[in-house]
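Reading the structure
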Amino acid sequence: MRVEVLGGLERRRRWSQDDKARIVEETLAPGAKVTEVARRNGVAASLVFTWRRQARTSEQVVPSFTPVQVVAVAASAEETPKLLPTVDGRVRSVAAARTGLIEIDLGNRRCIRVDAHVDPEALARVLDVLGRR
């Protein structure tokens with residue numbers, strides 16, 4: 001067991017940003033328990049939870065690429081519709097697609113379909129609201 005004697009006027013320990021980040025990162029490992037990580041590092045569990053919350057709110061939102069699948073629309077109505085599997089296993093028909101149709105799969109069984117005549121500002125507001133949920 002390690003004992004740290006704090007002398008002088010300051011009675012609180014100061015944690016560097018690197019130490020805080022390292023401890024928070026330890027708690028994010030699969031199967032890690034915050035209380036065990038806190039005990040191992042000599043920190044109160046409530047302080048580790050505070051650091052985790054601060055790390056979540058201070059993270060910068062970085063844009064990322066999303067996989068897109070571009071498919072051709074069937075040339076005539078007589079052709080049998082092609083069925084395309086989606087990422088989550090659902091199947092959709094290409095023949096039912098309209099010209100200029102954009103499908104945005106938000107995950108969690110949420111999907112937005114818009115055509116070429118959508119108001120871009122309205123779509124941006126909808127995506128902004130859905131992105132915060």
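Along each chain, residue indices are assigned from 1 in the same order as the chain's sequence is written. The model is predicted, so local features are restricted to residues of pLDDT at least 70 and side-chain atom pairs to those at 80 or more, both for listing and for counting; the totals for chains, interfaces and linings are taken over all residues. Computation of side-chain values: all heavy atoms of the structure, hydrogens and water removed.

**With respect to the environment of Val 48**
Here Val 48 is to be found in helix α3 (residues 45-58). For the pair Val 48 and Lys 20, spaced 28 residues apart in sequence, the C-alpha separation works out to 8.1 Å. The criterion used for residue contact is that any of the two residues' heavy atoms lie within 4.5 Å. Look past the residues within four positions of Val 48 in its chain and what remains in contact with it is Ile 23, Thr 27, Val 34, Ala 38 and Val 43. Each helix is a run of H or I in the DSSP string that is no shorter than four residues. Each strand is a run of E no shorter than two, and both are numbered from the N terminus.

**Brief notes about the pairing of strand β4 (residues 110-114)**
When strand β3 (residues 102-107) meets β4, the two strands line up antiparallel, connected through five bridges. Bridge pairing in β4 links Gly 107 to Arg 110. Counting the residues that bridge the hairpin from β3 to β4 gives two residues, and of these Asn 108 lies at a positive phi of roughly 55°. Whether two strands pair comes down to DSSP finding at least two bridges between them.

**Some remarks on the side chain of Thr 27**
Of note, Thr 27 is situated in helix α1 (residues 17-27). A polar side-chain atom of Thr 27 sits 2.5 Å from the main-chain carbonyl oxygen of Val 24. The contact partners of Thr 27, leaving out residues within four places of it in the chain, are Ala 32, Val 34, Val 37, Val 48 and Arg 52. Between N or O atoms, a polar contact is any pair within 3.5 Å; within protein, one atom must be a potential hydrogen donor and the other a potential acceptor, and residues adjacent in sequence are included only when both atoms are from side chains.

**What to know about the environment of Gly 42**
On the secondary structure map, Gly 42 appears in the loop between α2 (34-41) and α3. Residues Gly 42 and Val 3 lie 39 residues apart in sequence; the distance between their C-alpha atoms is 9.7 Å. Not counting residues up to four positions away in its chain, the partners in contact with Gly 42 are Arg 13 and Trp 15.

**Re the side chain of Asn 41**
Looking at the element boundaries, Asn 41 is found in helix α2. In this structure the side chain of Asn 41 is engaged in a polar contact, spanning 3.2 Å, whose partner is the side chain of Arg 22. Polar side-chain contacts of Asn 41 include one of 2.8 Å to the backbone oxygen of Val 37. Setting aside residues up to four positions removed in sequence, Asn 41 forms contacts with Arg 13, Trp 15, Arg 22, Ile 23 and Glu 26.

**A short note on the packing of aromatic side chains**
Here a Phe, Tyr or Trp ring, Trp counted by its six-membered ring, pairs with any other such ring whose centre lies within 6.5 Å, and the pair is stacked when the planes are under 30 degrees apart, edge-to-face when over 60, and tilted otherwise. Tallying each qualifying case throughout the model produces one aromatic pair. Measuring from ring centre to ring centre gives 5.7 Å for Trp 15 and Trp 51, while their planes differ by 70°; the resulting arrangement is edge-to-face. Of this pair, Trp 15 sits in the segment before α1 while Trp 51 is found in helix α3, placing the two residues 36 residues apart along the sequence. With respect to burial, Trp 15 and Trp 51 carry one shared label: buried. Relative accessibility under 20% of the residue-type maximum defines a buried residue, over 50% an exposed one, and the middle range a partly exposed one, all with a 1.4 Å probe and only protein chains included.

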